[in-house]
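# Structural description and commentary
Okay, here's what each chain looks like letter by letter:
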Amino acid sequence: QVTLRAGAELDARRVNQYTLTLRVACPGEDEVEERLFVRVTAGQVLRCDIPFASAGGDVVQVLADVAPQTPLYAVLPQPLGGLTVSGGCPGGPQTPQFRLLNHDTPLTLTRRGLVLAPASGFDPSQDTQTFRLEIEVMDRHGHNCSGAVRVDVLPSRRPRVTFLEAQQVVTVPEGIGPLEVVTQVYASGDNVRYTILTPVAPALFTINEVTGEIRSTRRLEVAHARLLVRAYNALHPADHATATLNVTVQGTDRWAPSCVPAIFVSQVPETVSPGSTLVTLRCTDSTSTEGSLHYALEGPSASCSRFRMEGPQLQVNATLDYDSEATAAVGFQFTATIVVTTGGQPPQSTRVPVLMTVTPVNEFTPVCPNGATFTVPETATFGSIVGRVAGTDRDYPQDSLKYSLEEGLGPAQPFSIDTGTGEIRVVGPLDFQRRKSYRLTVRLTDTRNDLDPAKRRSRLCDVAVRLQAVPDQAPVCTPEVQELRITAGSGGHQPVTRLACQGSPDGAALAYTIAGGNEDGRFRLEGNTVFYHPNDLGKPRTFVLLVEVWGSPGAPRRSTVVALVVHVMPRSTPMPPSTTTQHTTLQKEPVIITRTEADWHPPAWFVAVLTVSGALLLIALGCMAQSLLCR
């Protein structure tokens, strides 16, 4: 079959005959060559013009927002019998027939040669789209020609329809009458119209197609509706957008919500972890919709920072440290108010008072002091303070400790400890020669740090007590008895004698005092030197002074008394030939006066017991006397 090539034009006036050489070869046979003569005669022919008849076809560009079924092109007959492609309207007689050779395009070709846009329009969301149409034209004589049209669909330059809010939540009170405005939706774009997609047959609401106002169709009661609204371009329905509206019709609250418990009082241990739930409120309102209630915590900042509301649950927000100063400042109690509010109109609220008391938990073990070592003289008396064991405890109240000795009291334990203060006192004899030091084991036990008295913590501490040796012998003075003669001067004070005394071998300083014979205060001691203060002395006078000398300050005090016989002569009395002071040692046995002073300081508890006992005795005697008088 030999056909005319597409786009070829025959002109009998130019070429009236074509010679075609055909070669045919069958399998197994020789090739045969023949000629075919095609004669072109002049007559009425059908011819398609360029560029429609070209290989690439004609190219036309349109916008994507063109209206559906819009005529894009028309194949028009030429005045000389040919055909052409034009974007205008058709004109002249339309005798040819048009046939679309390819069907893979949404464009349509009419019987009059019009190329139309798709029935649903082009998709404006896509980029540039290209469609190709291959068209065959045939006249009534059977003459035909063919061509192609390429349609390039360009993106639209107009604004697309868009909702400002794709999700909306609308709450309205019950009792709204029919055709009252509930809310309004708005979408941007050209020629925007609105419609409700779901529910298909709205029972409660209707929408204005132009303004987007949503109105009620009847008197509203408590309900919940979900509307799917579409906004679209009236000229280009393919350009559209959707939005979802959740409409809640709430009941009108007339009474405040009711909560259980109505008041919350509780004790919370300080070790409760953040996030723990203390109480869950069970609240309902007049509409019996628990989900519409709102919970808030009000109160001092100290309470609001340590607690929070998670829905109806009261939870711990921060650690509750009983041992901190901030908790102690509020008396270990936190007050707050839970405000429960309904979501209806008008809103009603209920207040639930909250009182939470933080209770202590014994968390820390007492700590021993560093370097607990004390020194006490071996001559310390009963009740003398040796030292104080200062233990510490971080639990509140801080340092609330009880002290005790593990060894207990006995002949081998000459010390006791005050259970409240930790003071160690001497309660037995001490002897440096027998024992030079003691190692005490003190138990520190915390108190009042936990609600459960059995939950106590303790620690053992080592305390060292060293004894200080005190010499046993009294000071020795040479001589122990002196007789002196002096002449009273005219003024100032004059030395009488200097005592020569020796104390302990370690060379400790000695103490001196005039124990007797200085009634009128004429003599005075400065160190170991005795001075006389002159005054108007009319006649000679003899003074006998007793000077006490002792060593270390321990008790009992060991001392020596030196006797001084001083003869004082007035200035008018004739002086003996010698001008020097005579020191005469009497030829007699030395007199050694040793005085031992022992004092006892009873402890405070003994004085208290003695006072109470005396008071009870006096009361008993008074009652007995009253009974006798009544008889």
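Residues numbered from 1 in each chain as written. Predicted model: local features only at pLDDT ≥ 70, side-chain atom pairs only at ≥ 80, totals over all residues. Heavy atoms only, no water.

Strand pairing within a sheet occurs via backbone hydrogen bonds; the two strands may be parallel or antiparallel. Pairing is mixed in the open sheet, where four strands are placed in the order S13-S20-S19-S16. The strands lining the two open edges of the sheet, one partner per strand, are strand S13 (167-173) and strand S16 (192-198). Looking at each pair of strands side by side, their axes are set apart by 30° on average, direction ignored. Here strand S19 (residues 223-233) runs beside strand S20 (residues 240-250); their pairing, made up of 10 bridges, is antiparallel. Across the sheet, residue Ala225 finds its bridge partner in S20, namely Val247. (Pairing = 2+ DSSP bridges. Helix = DSSP H or I, 4+ residues; strand = E, 2+ residues; numbered from the N terminus. Axes fitted to C-alpha atoms, helices over the stretch in contact; angles between N-to-C directions.)

Moving on, we come to the state of the cysteines. Taken as a whole, this structure holds three disulfides when the rule is applied. In this model, Cys259 is linked to Cys283 through a disulfide, with the two sulfur atoms separated by 2.1 Å. Sign of the S-S torsion, about 115° for the bond between Cys259 and Cys283, identifies this disulfide as right-handed. Of this pair, Cys259 sits in strand S21 (residues 258-260) while Cys283 is found in strand S24 (residues 282-284), placing the two residues 24 residues apart along the sequence. (Disulfide = S-S within 2.5 Å.)

The subject of this paragraph is the pairing of strand S7 (residues 97-100). Going residue by residue along S7, you find Phe98 and Leu100 tucked away on one face and Gln97 and Arg99 left uncovered on the opposite face. Sheet topology places S7 next to strand S10 (residues 129-138); four bridges connect them, and they run antiparallel. Bridge pairing in S10 places Gln97 opposite Met138. (Buried < 20%, exposed > 50% of the residue type's maximum accessible area, 1.4 Å probe, protein only.)

UniProt's entry tags residues 604-625 with the feature "transmembrane region" (unreviewed entry), counted in the numbering of this structure. A helix fraction of 100% and a strand fraction of 0% characterise residues 604-625, whose end C-alpha atoms lie 32 Å from each other. (UniProt positions renumbered as here; feature names shortened; annotations may be inferred.)

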